[in-house]
Every structure is written in C-alpha cells, then in structure tokens.
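Descriptive structure summary
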Amino acid sequence: MAQTHAHRSRRRPAGALAALFLAAALALAGCGAGDDSSDGGMSADSKAGAAARQEGALDDGSGGGSRGNRSADSAPTLGPSHVIRTASLTVRVKDVPKALAEARTVTENAGGFVGDESTTRDGEGRERTRVVLRVPTEKYEEVLTALEGTGRLIERKAKAEDVTEQVVDVESRITTQRASVARIRELMDRATRISDVVTLEGELSTRQADLESLLARQKSLKDRTSLATVTLSLSETAVKKADEDDEPGFADALAGGWNAFVAVFRWLGMALAAVLPFAAVTALVLLLWFRFSGRSRRSAPAAEPEGGEES
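Because the structure is predicted, anything quoted here is derived from the model rather than measured.

**Quick look at the overall build of the protein**
A tally of helices and strands in the protein yields seven helices and five strands. Listed N to C, the secondary structure of the protein is α-α-β-α-β-β-α-β-α-α-β-α in terms of helices and strands. When each of the 311 residues of the protein is scored for burial, the buried share is 17%. Taking contacts inside the protein between residues at least 6 apart in sequence as the whole, the part at least 24 apart equals 77%. Summing over all exposed atoms, the protein offers an accessible surface of approximately 23400 Å²; the carbon and sulfur share of this is 57%.

**Topic: the sheet that holds strand β3 (residues 127-136)**
Taking strand neighbours across the sheet as the criterion, the five strands line up as β2-β3-β5-β1-β4 in an open arrangement whose pairing is mixed. With one partner strand each, in any of the chains shown, β2 (113-121) and β4 (152-162) form the two edges of the open sheet. Averaged over all neighbouring strand pairs, the angle between strand axes comes to 10 degrees, with direction disregarded. Strand direction decides the pairing type here: β2 and β3, joined by seven bridges, are antiparallel. In the strand pairing of β3, Ser118 is matched with Arg130. Across the face of the sheet, helix α3 (residues 96-109) comes into contact with β1 (83-93), β2, β3 and β5 (227-236) while running at roughly 5 degrees to β3.

**Here's the deal with the confidence of the model for the protein**
The predicted coordinates of low-pLDDT regions are not to be read in fine detail. Of all residues in the protein, 65% attain a pLDDT of 70 or more, and the chain-wide mean is 74. pLDDT under 50 marks residues 239-245. Its contacts with residues more than four places away, or in other chains, come to zero contacts. When the criterion is pLDDT under 50, residues 307-311 qualifies, and its contacts beyond four places in sequence or with other chains add up to zero contacts.

**Regarding the environment of Asn109**
Its place among the elements puts Asn109 in helix α3. Distance from Asn109 to Val135, taken between C-alpha atoms, is 9.6 Å for residues 26 residues apart in sequence.

**So, the environment of Leu89**
Tracing the chain through its elements places Leu89 in strand β1. For Leu89 and Ile154, which are 65 residues apart along the polypeptide, the C-alpha to C-alpha distance reads 7.7 Å. Each residue touching Leu89, except ones within four places of it in the same chain, is listed here: Leu144, Leu147, Glu148, Leu153, Glu155, Arg156, Val230, Thr231, Leu232 and Ser233.

**Observations regarding helix α5 (residues 164-190)**
Helix length check: α5, at 27 residues, gives a terminal C-alpha distance of 40 Å against a target of 39 Å (1.5 Å per residue), a fit within 8%. For α5, every residue scored as buried is listed here: Val167, Val170, Ile174, Gln177, Ser180, Val181 and Ile184. Along its buried surface, α5 packs onto α6 (194-226).

**Notes on the packing of α5 against α6**
To describe two helices that pack against each other, one gives the angle between their axes and the distance between the axes. Where α5 contacts α6, the two axes come as close as 9 Å, and the packing angle between them is 155 degrees. When the axis of α5 is compared with that of α6, the two are roughly antiparallel. When the axes of α5 and α6 are compared, the crossing they make is left-handed.

**Thoughts on the pattern of salt bridges**
Applying the stated criterion across every chain, the model contains 10 salt bridges. Across the pair Arg134 and Asp223 runs a salt bridge, and its minimum N-O distance is 3.3 Å. Note that Arg134 is positioned in strand β3 and Asp223 in helix α6, a separation of 89 residues in sequence. When its relative accessible area of 13% is taken as the criterion, Arg134 is described as buried. Overall, the relative accessible area of 33% leaves Asp223 in the partly exposed class. Note that Lys139 is salt-bridged to Glu142, the shortest N-O span being 3.8 Å.

**A word on the nonpolar core**
Ranked by internal contacts, the top residues of the largest apolar core, which has 20 residues, are Leu89, Leu147, Val230, Leu232 and Leu234. Aside from chain neighbours lying at most four places away, what touches Leu234 is Val91, Val93, Val96, Ala99, Leu100, Glu127, Arg128, Thr129 and Thr150. Counting 12 residues, the second-largest nonpolar core is a separate cluster that includes Val163, Val170, Ile174 and Val181.

**Concerning a nonpolar patch on the surface**
Nonpolar side chains collect at one region of the surface, where Trp258, Phe261, Val264, Phe265 and Leu268 lie side by side and expose about 550 Å² of accessible area between them. The topology assignment puts Val264 in helix α7 (residues 250-310). Residue Val264 is classed as partly exposed on the basis of its relative accessible area of 46%.

The rules we used
Residues numbered from 1 in each chain as written. Predicted model: local features only at pLDDT ≥ 70, side-chain atom pairs only at ≥ 80, totals over all residues. Heavy atoms only, no water. Helix = DSSP H or I, 4+ residues; strand = E, 2+ residues; numbered from the N terminus. Buried < 20%, exposed > 50% of the residue type's maximum accessible area, 1.4 Å probe, protein only. Contact = heavy atoms within 4.5 Å. Areas by Shrake-Rupley, 256 points an atom, 1.4 Å probe, with all protein chains shown as cover. Pairing = 2+ DSSP bridges. Axes fitted to C-alpha atoms, helices over the stretch in contact; angles between N-to-C directions. pLDDT = per-residue confidence, 0-100. Expected span 1.5 Å × (residues − 1). Parallel < 35°, antiparallel > 145°, perpendicular 65-115°, else oblique. Left-handed = near helix turned anticlockwise from the far one by under 90°. Salt bridge = Lys/Arg side-chain N within 4 Å of Asp/Glu carboxyl O. Core = buried A, V, L, I, M, F, W, Y, C linked by side-chain atoms within 4.5 Å. Patch = residues over 30% accessible without salt bridge, like charges linked within 9 Å, V, L, I, M, F, W, Y side chains within 5 Å.

Quick look at the structure:
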C-alpha cells in the first residue's frame, strides 16, 4: 500500500507538470491567435486607410482633373458679343421723295426710326437727300438689302466694331462703384463728428458723379450696340430719252452738227462781245483823227494864196 501510494505521488507531479505545459501551450496558441487577429484587424484598417488615401490622391490627380473638367463644363459661358454696326449707302433714284418714303417704311417696319434728314438741290434742280436711319441689329442686313433696291447702288460702306470688352468693363466698374457709394453712406450714418460728415459728403459726391458717368457710358454703348446706324444718300438722275445701246442715226448726226454749229457761233459771239469795247474805242479815236487831219489840210491851201498877193 505504501509503495502504491508512493508510486501515485510520483505520478501526480508528472501529470501536473504535463497539464501545466499543455495549459501554457494553449495560452501561447491563444495569444498567437489573438495577435494574428489583431494584426489582421490592423492590416485591414491600414489597407482601408491606404485605399482612402489612394482614392484621395486619385481625386486630387485624375479625379481633380475630372472635377476640373466638370467645373470647366459647368463654368458660365461667355455672353453675347456686343458689336457697333454702321453703314453708308449712296443710291441714285429717279424720284427722291418716293425713294425716301420707301426707306422710311422699310425702317419703321423693321422696328427702327428716322434720325437726321437734310435735302438740297443742285444747279439743275435735282434733289439730293441725306438721312440717318436707326434699325435693330438683327434687322441690319435685311434693311440694307431693301435700301439698295430703291435705285442704283453707287457706293456702300459698312463697319463693325466689337465693344464686348468695353461693355463688360463698364458693368464691372459700375458694380464696384455702387458698392463704394454704399460703403460711404454707411460711414456717414456712423459718423459723429461734423468734420467727418463733411469729408464723407465730398467723397460721396465724387463717387456718385463717377457712377453717373459710368451709367451714361453704359447707356450709350447699349444704344449703339442694339441699334445699327445707316446713313442713306439719295440723288436724282436725268431721265434719258434714248437708250445708251442704240447706234447713232441721221437724226443724231444732224443734231450733233447743229449743236456744233451753234457752239461755234456762240464762241464767236463771246469773242466779239469781248473785243467790241476795244473796237468801239479804236473806231472813235480813228474818227476824231480823220476829222482833225482833214481840217488841217483844207486850211493849209487857203493860207498860201494870201501870202502870194502881198508879195
């Protein structure tokens, strides 16, 4: 019994030691698994962070480019261009009042109006009218074509001036000037000293004057770009009795000869009229000379016999 008990007591430390090693091995295995799981979680988080950083990098690079493209696409497009159009037409017509009435009708139908107008007559009684027409720019070409059809076009000049930059600049300056005027008014409301109020009033007056000048310029640009200016000159021509293409005949030759004959006599008459005063004076001088010379000759023979008798 004692031996058996001793033998069992020897086995217990060995069994306990084996159990201790097994527990330590399991603990180490658990710690290793925990470390693996924690390392796996950290690696997943780091991978997610790296992916996020990579996505951010792509957004900054290629993604930024796409945003740049989107911003470029979504950027406001340039507004319509502002162009000042002017033209001058010279047209020969047979009846100036009729052609002028037609030009007025064309202009009014296009939504425009007639400006300055002046009419003169030449030495032969033919009329010449100069009129300024204002027409909407969208009807500009249509009106020019209609005006050219009123008679025979002699001369046409057209000019287009792009003032888009001027319009945009004036609008920007007006916005800035209005904000400046508003700030000065706010300062005036807060000012407590009379000297400050006087100074701010002078500054406000100057800025308001600048603003009014800009507004006037904007109005002028708007008027000149929305309405084109057409200067139309209408002149009458003599009505021809025969066509220019007809060959001259006997009547034409006779008329030409008669005109030449009349022209020759006209020039002779003019030359005679120019010489006539000198001829009259010359004739009068000669007449007086002959009279005095004749008297002297008659008195000389009468004096000679009287001298002979006395001797």
